[in-house]
Amino acid sequence: MSENVFTQRPLGDNVMLINPGQELQNDNSEEMVEALKSAKSNGYKFAIIDMVDLQYISSSGICSFLYSVQEWRDNGGDIILCNVPASIKGVLELLDLKQYLKIADNEKVAASVCGVKS
Amino acid sequence: MSIKSNDVKTIVIPFDLNNRSPAGFLKDIQSIIRKSEKQLSLNCVQLKRLNKEHIIVLLNIIHSRFNVGMEVCVESASPALLKVFYELGLSKYIKSNLNATSSENGALLISTSLITGNPFYDEFKTDSLSLQQSLNDFERYLVSNNIGDLPRMALYTIYYEITRNILEHSGLNKKDKVSVYAYNEKNRFVLRFIDYGIKFDPSSCPGELNLGNVLKNGRRRGIGLLLVHRLSSSIRYKRSEPGANILTIEKKWRA
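Along each chain, the written sequence defines residue order, and numbers are assigned to residues from 1. Chain letters start at A and ligand numbers start at 1, both assigned in the order the entries are written. Local features in this predicted model are restricted to residues of pLDDT 70 or higher, and side-chain atom pairs are both shown and tallied only at a pLDDT of 80 or more, whereas totals for entire chains, interfaces and linings draw on every residue. Note that the side-chain values use all heavy atoms of the structure and ignore hydrogens as well as water.

S.K.: Explain the pattern of salt bridges to me, and be specific about the residues and the numbers.
M.R.: Salt bridges are counted wherever a side-chain nitrogen of Lys or Arg sits within 4 Å of a carboxyl oxygen of Asp or Glu. Within the structure shown, the criterion is met by 15 salt bridges over all chains. In this structure, A:K98 engages A:E93 in a salt bridge whose closest nitrogen and oxygen atoms are separated by 3.8 Å. Under the scheme applied here, a residue whose accessible area is under 20% of the maximum for its type counts as buried, over 50% as exposed, and between as partly exposed, the area being computed with a 1.4 Å probe on protein chains only. Taking relative accessible area as the criterion, A:K98 reaches 33% and is therefore assigned partly exposed. Residue B:E250 is joined to B:R188 by a salt bridge in which the shortest nitrogen-to-oxygen separation is 2.5 Å. Residue B:E250 is found in strand 10 (residues 244-252), and its partner B:R188 is found in strand 8 (residues 188-195); the two are separated by 62 residues along the sequence. We classify B:E250 as buried; its relative accessible area is 9%. Here the residues in one salt-bridge network are A:D27, B:R164 and B:E168, joined through shared partners. In DSSP terms, a helix is any run of H or I states spanning at least four residues, a strand is any run of E spanning at least two, and both are numbered starting from the N terminus.

Written out as structure tokens, the structure is:
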């Protein structure tokens, strides 16, 4: 796979949009942990993880956001996944995580769940 | 290549790649055996150790012979070579002087059903870069064998999780190598991982995840093996003497 580009940008005052790039695995999962920590400490209530470019996710990649979900919910917000490719949805389903995680079809739907007006 | 027939039924070929390319050696052997119904015997008397090229040649020969219902015979193999054959799961399928290792149970690597495609073999050092190169090679192998998107994703994930686990938890240093042997039949794929790290049996990992407990305890491990269990049709582990972890994973899927 080619070089991975990890990006993030705010969507309004309460929402941080994070795009992990083409892969989220052991070598860059810490980047996701840090991005979520930093967004939360900067007062964002919601994080949207945009998987539009994601081709591969490892167990470590899943853990990088899975273990923060409850913390965000306890804080009155959430972590929402969007543009999740079918193969990655399949992996989440195998782990029985589809019920636990909030998954939106696309960025627009995810943003509206977070209260961002289009 | 010097060839002799030690009886009317057998062609003996020295198994030695000195000054020869593996592809050239394989091509010569295949042109010889294609014309003959005789048993093929590889004489290992000159062979001190098996490197990656030898193993790839050997696997290709064994697979191509099994496709036509023939066995491969190995002569004069040293105990060190027998050990490698055993770890690769080949002892059951190689005739001749492998009695010492015939106690292996349930070796699964080659069945007599039709095997499609060439086998995959790789060995790599336990560092991230070498692992990534091996993953790339494995992905190319899956693509070249026309494995569909979903099983390809599953097999890639199994390969990634197991090798990553070895890299992070086996206690091996970066110069130590991990070997992976794989082959593909129609809608069935077999992977075998061999490493000399600390004893670890992933087949005994509980195949269930209690998400509530995991989240409550903030436990960050265990999901990888659970994923492997959920993606695999069967997982078998064996600890060989003197200390190889041999993990065989089978994945079946519907066409």
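Still more to cover.
S.K.: So what's going on with the packing of helix 2 (residues 59-66) of chain A against helix 7 (residues 223-231) of chain B? Which residues, and what values?
M.R.: Note on definitions: angles span 0 to 180 degrees between N-to-C directions of axes, and those axes are lines fitted to C-alpha atoms, for helices only across the stretch in contact. Direction vectors running N to C along helix 2 of chain A and helix 7 of chain B enclose 125 degrees, while the axes themselves pass 8 Å from each other. Here helix 7 of chain B runs oblique to helix 2 of chain A, going by the angle between their axes. Viewed along their axes, helix 2 of chain A and helix 7 of chain B form a crossing whose handedness is right-handed. When helix 2 of chain A is examined against helix 7 of chain B, the residues A:S59, A:C63 and A:L66 are found in contact with a partner set consisting of B:I223, B:G224 and B:L227. What sets the label is the angle itself: under 35 degrees gives roughly parallel, over 145 gives roughly antiparallel, 65 to 115 gives roughly perpendicular, and the rest give oblique. Each crossing is labelled by how the near helix is turned from the far one, with a counterclockwise turn of less than a right angle marking it left-handed and a clockwise turn marking it right-handed. Here a residue-residue contact requires only that any non-hydrogen atoms of the pair lie within 4.5 Å.

S.K.: Outline the interface of chain B and chain A, supporting the account with residue identities and numerical values.
M.R.: Chain B puts 23 residues into the contact, and the matching count from chain A is 20 residues. Buried area counts how much accessible surface, traced with a 1.4 Å probe, disappears from two parts once they are put together, with both parts' losses summed. Summed over both sides, the interface between chain B and chain A buries roughly 2100 Å², with carbon and sulfur atoms accounting for 63% of that surface. Applying the counting rule to chain B against chain A returns two salt bridges. As a salt-bridge pair, B:R164 and A:D27 come within 3.1 Å of each other at their nearest N and O atoms. Nitrogen and oxygen atoms within 3.5 Å of one another constitute a polar contact, given that in protein one can donate a hydrogen and the other can accept it, and given that sequence-neighbouring residues count only through two side-chain atoms. The interface formed by chain B and chain A holds seven residue pairs in polar contact (both at pLDDT 80 or more) in total. Within the residue set of the side of chain B that touches chain A, elements represented by two or more residues are helix 4 (128-144), helix 5 (149-169), helix 6 (211-217) and helix 7 of chain B. Sorting elements by how many residues they give to the side of chain B that touches chain A places helix 5 of chain B first, with eight residues.

S.K.: Summarise the sheet that holds strand 7 (residues 102-104) of chain A; cite the residues concerned and give the values.
M.R.: Residues and elements named next belong to chain A. Strand pairing requires that DSSP identify at least two bridges connecting the strands. Overall, mixed pairing links the five strands, which are arranged 1-2-4-6-7 in an open sheet. Lying at the two open borders of the sheet, with one neighbouring strand each, are strand 1 (7-10) and strand 7. Shown here is a sheet whose adjacent strand axes are inclined to one another by a mean of 25 degrees, direction ignored. Here four bridges tie strand 2 (residues 15-19) to strand 4 (residues 46-50), and the two strands are oriented parallel to one another. Within strand 4, the residue paired with L17 across the bridge is I48. Along the sheet, helix 1 (residues 29-41) makes contact with strand 1, strand 2, strand 4 and strand 6 (78-82), crossing strand 2 at roughly 170 degrees.

S.K.: Before we move on, can you summarise the pairing of strand 4 of chain A with the specific residues and values?
M.R.: All names here are of chain A. Counted residue by residue, strand 4 has five buried out of five residues, so it is predominantly covered. Where burial is concerned, the two faces of strand 4 agree: the one with F46, I48 and D50 and the one with A47 and I49 are both buried. For strand 4 and strand 6, the ladder comprises five bridges, and the chain directions are parallel. Considered in strand 6, the bridge of F46 is made with D78.

S.K.: Outline the layout of surface pockets, listing residues and values.
M.R.: Residue and element names in this part refer to chain B. Cavities and pockets were defined on a 1 Å grid built from protein atoms only: a cavity is a group of points that admits a 1.4 Å probe but offers it no way out, a pocket is an open group of points flanked by protein on both sides within 12 Å along at least five of seven lines, and a lining residue is one with an atom within 4 Å of any such point. Grid points are joined across faces, edges and corners, and a volume is the space filled by probe spheres set on the points. Of the volumes computed, that of the second largest pocket is approximately 380 Å³. Those elements that provide at least two residues to the lining of the second largest pocket are helix 3 (79-87), strand 6 (120-125) and strand 7 (177-185). The dominant element in the lining of the second largest pocket, judged by the number of residues it contributes, is helix 3, at five residues. When residues are grouped by polarity, Ala, Val, Leu, Ile, Met, Phe, Trp, Tyr, Cys and Pro land in nonpolar, Asp, Glu, Lys and Arg in charged, and all others, Gly among them, in polar. Taken together, the residues of the lining of the second largest pocket break down into 11 nonpolar, one polar and seven charged.

S.K.: Could you give me a rundown of helix 1 (residues 22-34) of chain B, with the residues and numbers involved?
M.R.: Residue and element names in this part refer to chain B. Compared with the 18 Å implied by 1.5 Å per residue over 13 residues, the 18 Å span of helix 1 between its first and last C-alpha is a close match. Looking only at helix 1, the buried set comprises F25, L26, I29 and I33. Take helix 1 and look down its axis: the buried residues cluster within an arc of 95 degrees, on one side only. When the buried face of helix 1 is taken as reference, the exposed residues oriented beyond 90 degrees from it are A23, K27 and R34. Expected helix span is computed as 1.5 Å times (number of residues minus one). The arc in question is formed by the directions pointing from the helix axis toward the C-beta atoms.

S.K.: Explain empty space enclosed by the protein to me, and be specific about the residues and the numbers.
M.R.: Scanning the entire structure with this criterion turns up one cavity of 30 Å³ or more. Roughly 30 Å³ of volume is contained in the largest cavity. Forming the boundary of the largest cavity are A:Q25, A:D27, B:S128, B:L131, B:Q132, B:L135, B:Y160 and B:R164. Counting only elements with at least two residues in the lining of the largest cavity, the list comes to helix 4 and helix 5 of chain B. The leading source of residues in the lining of the largest cavity is helix 4 of chain B, at four residues. Taken together, the residues of the lining of the largest cavity sort by class into three nonpolar, three polar and two charged.

S.K.: Explain the environment of A:I57 to me, and be specific about the residues and the numbers.
M.R.: All names here are of chain A. If you trace the backbone, I57 turns up in strand 5 (residues 56-57). When its relative accessible area of 1% is taken as the criterion, I57 is described as buried. Taking the C-alpha atoms as reference points, I57 and S29, 28 residues apart in sequence, are found 9.5 Å from one another. Excluding anything up to four places from it in sequence, I57 contacts L24, M51, I62, F65 and I88.

The values reported here are purely geometric and, on their own, carry no functional implication.
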